[in-house]
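Below, each chain spelled out in residue letters.
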Amino acid sequence: MADPKDNGRDLIVFSGVCKTYPMGELEVRALRDVDLTIKEGEFIVILGPSGSGKTTLLNLIGGMDTISCGTLNVNGQDISNLDAKGLTDYRRTQIGFIFQFFNLIPTLTALENVEFALELVEKETRDRSMRALEMVGLADRADHFPSQLSGGEQQRVAIARAICKSPPILLCDEPTGELDFETGKNVLKVMQRINREEKQTIILVTHNSAIAEMSDRTVRLHSGEVAEVMKVDSPKDADELVW
């Protein structure tokens, strides 16, 4: 049976994208002539050794950095031409970020941490914030502070914070890097459910090649270039992963 995602809308399109950083009199090329298309609703895992360009790729999609050459089109918009205000609006409405370190505000409860992110884009925050916590299985921990939560629970609050504004794209940079195996697997289960039920596109950067088994496609980077794009014919459930 054909995967419906194969015929989905092109959501992110890299065309000849490069990224260079000045290092004194030299330039370091982090990405080289990247051509890559990601479809709406896909779960993409990006693999590669340190320095291969994984985080740079994620930062370009997230509007945290700008390309040096080529074009980058996201959700029908050429973000390579956006000014600072345009990039801020783009990040607020189109992107949810999930990082290796949870970056929660320690003086706010779980619910308040989620509400704080939502207040940037709208006024009615309580119901949507609680719904996001319910989606990650933490409604009963809404009034707890980060210090009262386990590492896995803190990461799930971070996920709730990222999804509360219903962005079409979730960018995840080593989201299980600070978690043990079982806790990491539980976090991945939440992310997989969000992808399948909410149809949000997930792009996950990791050093852990086992996580690629739950993706729709795996992108391997090497020295700033796309070395391989591999379709996963039968993505595993997060419960089935072993590493």
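Keep in mind that what you see is a predicted model, and the values were worked out from it rather than measured.

J.: Got a minute to help me understand the sheet that holds strand β9 (residues 217-222) in this structure?
T.: What holds strands together in a sheet is hydrogen bonding between their backbones, with the strands either parallel or antiparallel. Taken in spatial order, the 6 strands of this open sheet run β6-β7-β8-β3-β9-β10, and their pairing is mixed. Where the open sheet ends on each side, the last strands, each with one partner, are β6 (95-98) and β10 (225-231). Recorded for the sheet is a direction-independent mean angle of 20° between the axes of neighbouring strands. The pairing of strand β3 (residues 43-47) with strand β8 (residues 201-205) spans 4 bridges and is parallel. Across the sheet, the residue bridging to I46 is V205, located in β8.

J.: How should I be thinking about the sheet that holds strand β4 (residues 69-74) in this particular structure?
T.: Read across the open sheet, the 4 strands follow the order β2-β1-β4-β5; overall the sheet is antiparallel. Edge strands, defined here as strands with exactly one partner in the open sheet, are β2 (26-39) and β5 (77-78). With 2 bridges joining them, β4 and β5 adopt antiparallel strand pairing. Among the inter-strand pairings, V74 is bridged to a residue of β5, identified as Q77. Most of the contacts of helix α1 (residues 54-61) go to strand β1 (residues 10-23), to which it runs at about 120°, and overall it touches β1, β2 and β4.

J.: Even after reading the chapter, I still don't get the side chain of K19, so can you show me in this structure?
T.: Tracing the backbone through its elements, the reader meets K19 in strand β1. Classification of K19 as buried rests on a relative accessible area of 7%. Sequence-distant contacts of K19, that is, excluding residues within four places in its chain, are made with V28, R29, A30, L31, T56, L60, D65, T66, I67 and S68.

J.: How should the packing of helix α5 (residues 151-163) against helix α6 (residues 181-198) be read in this particular structure?
T.: For any two helices packed against each other, one specifies the crossing angle of their axes together with the interaxial distance. Two elements in contact, α5 and α6, have axes whose closest approach is 9 Å; the angle formed by their N-to-C orientations is 20°. In terms of axis orientation, α5 runs roughly parallel to α6. Our pair here, α5 against α6, has a crossing hand that is right-handed. For the pair α5 and α6, contact is made by G152, Q155, R156, I159 and I163 and by T183, V187, V190, M191 and I194, respectively.

Thresholds applied
Residues numbered from 1 in each chain as written. Predicted model: local features only at pLDDT ≥ 70, side-chain atom pairs only at ≥ 80, totals over all residues. Heavy atoms only, no water. Pairing = 2+ DSSP bridges. Helix = DSSP H or I, 4+ residues; strand = E, 2+ residues; numbered from the N terminus. Axes fitted to C-alpha atoms, helices over the stretch in contact; angles between N-to-C directions. Contact = heavy atoms within 4.5 Å. Buried < 20%, exposed > 50% of the residue type's maximum accessible area, 1.4 Å probe, protein only. Parallel < 35°, antiparallel > 145°, perpendicular 65-115°, else oblique. Left-handed = near helix turned anticlockwise from the far one by under 90°.

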